[in-house]
Amino acid sequence: QVRLVESGGGLVQAGDSLRLSCAASGDTICISAMSWYRQAPGKERELVATITPDGSTNSADSVKGRFTISRDNVKHTLYLYLQMNSLTPADTAVYYCNAPSSLCEADYWGQGTPVTVSS
């Protein structure tokens, strides 16, 4: 079993920055690629950015040049980060950490961390 716990969300003003973190513990051997998703009020959940084990990244057009995804392994805990710069009200959403695993036949999700950007 894998546990994903997000942190770092909050209320900021337009133009500010935030760094989200996701700590993965448990059977982290199950984890390969990891992603950040977000879900704005009244909208479907959307993919924000993905990072593979070798560090290759991909991000949605709406966040390219502003958001950076990264990952690190510290003392048996795998960390996923999302550095968000130049935030706009359109970035307001609950942000979720995701780790699908074909190895362990599971799709792991965190509980989400809310980000609110005021104009």
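The residue count restarts for each chain, going from 1 along the sequence in the order it is written. Owing to the predicted nature of the model, reporting of local features is limited to residues with pLDDT of at least 70; listing and counting of side-chain atom pairs is limited to 80 or more, with chain, interface and lining totals taken over all residues. Where side-chain values are given, they derive from all heavy atoms of the structure, hydrogens and water being excluded.

(A) Representation of the side chain of S21. Relative to the elements of secondary structure, S21 occurs in strand β3 (residues 18-26). Three exposure classes are used, based on accessible area relative to the maximum for each residue type with a 1.4 Å probe and protein chains only: buried under 20%, partly exposed in between, and exposed over 50%. On the basis of relative accessibility, which here comes to 17%, the residue S21 falls in the buried class. Comment: elements are numbered from the N terminus, with helices defined as DSSP H or I runs of at least four residues and strands as E runs of at least two.

(B) Representation of the pairing of strand β5 (residues 46-51). For two strands to be treated as a pair, DSSP must find at least two bridges joining them. Looking at chain direction, strand β4 (residues 34-39) and β5 are connected through five bridges and run antiparallel. Looking at the pairing, M34 lines up with I51 of β5. The loop that links β4 with its antiparallel partner β5 comprises six residues; one of these, G42, has a positive phi angle of about 75 degrees. Relative to strand β6 (residues 57-59), β5 is paired through three bridges, and the arrangement is antiparallel.

(C) Quick peek at the pattern of salt bridges. Each salt bridge in this description consists of a side-chain nitrogen of Lys or Arg and a carboxyl oxygen of Asp or Glu lying within 4 Å of one another. Tallying each qualifying case throughout the model produces four salt bridges. With a shortest N-O distance of 2.9 Å, R38 and D91 are connected by a salt bridge. Note that R38 is positioned in strand β4 and D91 in the loop between β8 (77-84) and β9 (93-101), a separation of 53 residues in sequence. Take D91: its relative accessible area is 1%, and that puts it in the buried class. Here D61 makes a salt bridge to K64, at a shortest N to O gap of 3.4 Å. Its relative accessible area of 45% is what places K64 among the partly exposed residues. Residues joined by salt bridges that share partners form a network here, namely R38, E46, R66 and D91.

(D) Spatial organisation of the sheet that holds β3. With antiparallel pairing, the four strands of this open sheet are ordered in space as β1-β3-β8-β7. On the outer flanks of this sheet lie β1 (2-7) and β7 (67-74), each paired with one strand and no other. Here the average twist between neighbouring strands, direction ignored, is 20 degrees. Note: β3 against β8, seven bridges, orientation antiparallel. Note that in β8 the partner of L18 across the bridge is M84. Fitted lines through C-alpha atoms give the axes, limited to the stretch in contact for helices. The angle between two N-to-C directions lies from 0 to 180 degrees.

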